[in-house]
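Observations on chain architecture
Single-letter residue listing:
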Amino acid sequence: MPNEFRSDRLARLSVIEGRHFWFAGRRALFDRLRRKYLRRSAGRLLDVGCGTGSEAARISSEGLVVVGLDRRSEALRAARPSAGRLGMLNADAVHLPCGGESFDAVLLLDVLEHV
């Protein structure tokens, strides 16, 4: 695919996600929206196109049950370990391996511009 992330790019993203302005701004925006619209006790959240899983790990460490989904096995291997409740699925967003009411919320962070 033309917009495919190569393994070296995933490795670089994994290193910079914690400090780069783009990711910091996105985290701040998501946190505001999450506090406004998503109850802390909301059961399960699906992070479609989770990439290296840094956002999924961060959210799960704050108490939410999060499942990260990415079609790239390289991305899932780069996923950071999490102290929270985090699951990872290797699947395509077009063919989700779950039912329509399996999750209370779905994230698509930095996904649509790659389609």
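Just above sits the structure.
Summarised in this report is the structure supplied together with it. On a predicted model such as this, the values are computed, not experimentally measured, just so you know.

A separate point is the sheet that holds strand β2 (residues 65-70). Strands sit in the order β3-β2-β1-β4 across an open sheet of 4 strands; the sheet is parallel. Because the sheet does not close on itself, it has two edges, and the strands there are β3 (86-90) and β4 (105-107). Taking each pair of neighbouring strands and ignoring which way they run, the sheet shows an average axis angle of 20°. Across 5 bridges, strand β1 (residues 44-48) lies against β2 in parallel orientation. When the bridges of β2 are listed, L45 appears paired with V66.

Once that is clear, we can look at the side chain of T52. Tracing the backbone shows T52 in the loop between β1 and α3 (54-60). Polar contacts involving the side chain of T52 include one to the side chain of E17, which spans 2.5 Å.

This part covers a nonpolar patch on the surface. On the surface, a cluster of nonpolar side chains totalling about 330 Å² of accessible area is made up of L29, L33 and Y37. Checked against the element boundaries, L33 lands in helix α2 (residues 21-37). Judged by its relative accessible area of 42%, L33 is partly exposed.

Let's shift gears to the pairing of β2. Along β2, 6 of the 6 residues are buried, which leaves the element largely enclosed by surrounding structure. Neither face of β2 is open: one carries V65, V67 and L69, the other V66, G68 and D70, and all of them are buried. Handedness of the crossover is the feature at issue here: the chain leaves β1, passes through α3, returns alongside β2, and the resulting connection is right-handed. Where β2 lies against β3, 5 bridges are found, and the strand directions are parallel. When the sheet's bridge partners are listed, G68 is paired in β3 with M88.

The end-to-end C-alpha distance of α2 is 24 Å, a good match for the 24 Å that 17 residues give at a rise of 1.5 Å each. Burial in α2 covers these residues: F23, R26, R27, F30, D31 and R34. For α2, the angular spread of buried residues about the axis comes to 140°, placing them on one side. Away from the buried face of α2 by more than 90 degrees, exposed residues F21, R32, R35 and K36 are located.

We now examine the pattern of salt bridges. A full pass over the atoms with the stated rule returns 4 salt bridges. Two residues, D31 and R34, come together in a salt bridge whose shortest N-O distance is 3.1 Å. Within this pair, D31 and its partner R34 are both found in helix α2, separated by 3 residues, close to a single helical turn. Note on accessibility: D31 and R34 belong to one class, buried. Between D31 and R58 there is a salt bridge whose closest N-O contact spans 2.8 Å. Taken together, the residues D31 in helix α2 and R58 in helix α3 connect sequence positions 27 residues apart.

Conventions we followed
- Residues numbered from 1 in each chain as written.
- Predicted model: local features only at pLDDT ≥ 70, side-chain atom pairs only at ≥ 80, totals over all residues.
- Heavy atoms only, no water.
- Pairing = 2+ DSSP bridges.
- Helix = DSSP H or I, 4+ residues; strand = E, 2+ residues; numbered from the N terminus.
- Axes fitted to C-alpha atoms, helices over the stretch in contact; angles between N-to-C directions.
- Polar contact = N/O pair within 3.5 Å; in protein donor to acceptor, adjacent residues only side chain to side chain.
- Patch = residues over 30% accessible without salt bridge, like charges linked within 9 Å, V, L, I, M, F, W, Y side chains within 5 Å.
- Areas by Shrake-Rupley, 256 points an atom, 1.4 Å probe, with all protein chains shown as cover.
- Salt bridge = Lys/Arg side-chain N within 4 Å of Asp/Glu carboxyl O.
- Buried < 20%, exposed > 50% of the residue type's maximum accessible area, 1.4 Å probe, protein only.
- Right-handed = clockwise from strand over helix to strand, strands pointing away.
- Expected span 1.5 Å × (residues − 1).
- Arc of directions from axis to C-beta.

Honestly, that's just the spatial picture; any functional story needs more than this.
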